[in-house]
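Chain residues, written in single-letter form:
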There are 2 protein chains.
Amino acid sequence: MILEKKKIFNDFATSKGLRSTRQRDIILDIFLSTHQHVSVEELYLKIKFSNPGIGYATVYRTLKLFVEAGLAREILLHDGQTRYEHIVAGEHHDHLVCTGCNSIIEFEDETIEKLQNEIAARHGFMIKSHKMEMYGLCAACRQ
Amino acid sequence: MILEKKKIFNDFATSKGLRSTRQRDIILDIFLSTHQHVSVEELYLKIKFSNPGIGYATVYRTLKLFVEAGLAREILLHDGQTRYEHIVAGEHHDHLVCTGCNSIIEFEDETIEKLQNEIAARHGFMIKSHKMEMYGLCAACRQ
DNA sequence: TTGCTTTTGATATTCATTTTCAGTTACTGG
DNA sequence: CCAGTAACTGAAAATGAATATCAAAAGCAA
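Turning our attention to the packing of helix α5 (residues 110-122) of chain A against helix α5 (residues 110-122) of chain B. Closest axis-to-axis distance for the α5 of chain A/α5 of chain B pair is 10 Å, and the angle between their directions is 160°. Taken together, the axis directions place α5 of chain A and α5 of chain B in an arrangement best described as roughly antiparallel. For the pair α5 of chain A and α5 of chain B, the sense of crossing is left-handed. Of the residues in α5 of chain B, those in contact with Thr 111, Ile 112, Leu 115, Gln 116 and Ile 119 of chain A of α5 of chain A are Thr 111, Ile 112, Leu 115, Gln 116 and Ile 119 of chain B.

Written out as structure tokens, the structure reads:
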């Protein structure tokens, strides 16, 4: 699956006439090794650890490329930090965000997806992406 | 309905020991006269027109109070501007955002709401709020 | 390798939002 | 009604995430 994603990125790079660089390889590797919802800061620190010398701006730039390539998606929570999550082809999940401990639970619901498409169609919309977030207290924080 | 909202804010202010000020009254009035999804900038300009002298910071501060009071909700789109929308008790709507012309269509779907509650329950979550946004091209922009 | 173009890293910049702080205003007790 | 005190305001400075700039470095085609 990781190889598959690397291929997606390489194909994207080729089609765009982008060059293949050490930095982009490293950033992709590390991004793919992370869990969902990395903030740029988190990713940058992780990269810096094994590869000092890679600059902040490059991480930003490269993440934007991942979004363009369809590998990642930007998500905005309410802490002022943009996060990036992995896109898995044919799969879409949404988020339960605990406002107590900031943990995030993912879920997927086919029925909701279908309803979303119906609603979009009803309004003449052509949907490219969507997101859904539910805020509340997780089981642990309710106590 | 407007009076009702003013009462909600007054009650909130009283319970929090906040003072009643001319500025807050004006900002609430103008906020209530806006449509959905005002950015701070938009609101500030509108306020400035009839009430020069009211400062940017006060508008920011006051909008946060409206959120606390349950009158407004912050929404984050992808243009770097925080927007505020009205909360109508017992009603919840979601958004279709056109990435072509930035227009926003609102919709409401009871079935989705129900599904969300079921999902939350399944995960032991107590939901406080949620949001759903679908991005794509509206009918006009598809052409 | 040469020459050209993209990419990078450090830094400066931008822009939304928050903080600071001195002056002003609202409320409370007398 | 007045004075004291604490909250509120406005202007300006500060912050912090994200972007732009630019000289140096690196990829790529011939």
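That was the structure; now back to the text.
This brings us to the relation of the copies chain B and chain A. For the match of chain B to chain A, the screw axis carries a shift of 0.1 Å, the RMSD comes to 0.3 Å, and the turn is 179°. In short, the pair behaves as if placed about a two-fold rotation axis. Residue Met 132 of chain B of chain B places its C-alpha closer to the rotation axis than any other residue of that unit, at 2.0 Å. With an isologous cut-off of 70% or more, the 100% of interface residues of chain B that recur at the interface of chain A puts this contact in the isologous class.

All right, on to the domain arrangement of chain A then. Residues and elements named next belong to chain A. In terms of domain boundaries, chain A breaks down into domain 1 (2-86) and domain 2 (94-142). Taken residue by residue, the interface counts seven residues in domain 1 and six residues in domain 2. For the pair domain 1 and domain 2, the summed buried area comes to about 610 Å², and 58% of that belongs to carbon and sulfur atoms. For domain 1, the biggest contributors to the area lost against domain 2 are His 37, Leu 76 and Leu 77; these three give 55% of the whole. One can count three residue pairs in polar contact (both at pLDDT 80 or more) joining domain 1 with domain 2. Split by residue class, the side of domain 1 that touches domain 2 holds three nonpolar, three polar and one charged.

Residues and elements named next belong to chain A. Looking at the secondary structure, you find Thr 34 in the loop between α2 (22-33) and β1 (38-39). At 3.2 Å, the side chain of Thr 34 and the side chain of His 86 are in polar contact. Aside from chain neighbours lying at most four places away, what touches Thr 34 is Leu 43, Lys 46 and His 86.

Criteria and thresholds
Residues numbered from 1 in each chain as written. Chains lettered and ligands numbered in written order. Predicted model: local features only at pLDDT ≥ 70, side-chain atom pairs only at ≥ 80, totals over all residues. Heavy atoms only, no water. Axes fitted to C-alpha atoms, helices over the stretch in contact; angles between N-to-C directions. Helix = DSSP H or I, 4+ residues; strand = E, 2+ residues; numbered from the N terminus. Parallel < 35°, antiparallel > 145°, perpendicular 65-115°, else oblique. Left-handed = near helix turned anticlockwise from the far one by under 90°. Contact = heavy atoms within 4.5 Å. Least-squares fit on C-alpha atoms with pLDDT ≥ 70 in both. Domains from an automatic or database assignment. Buried area = accessible area lost by both parts, 1.4 Å probe. Polar contact = N/O pair within 3.5 Å; in protein donor to acceptor, adjacent residues only side chain to side chain. Nonpolar A, V, L, I, M, F, W, Y, C, P; charged D, E, K, R; others polar.

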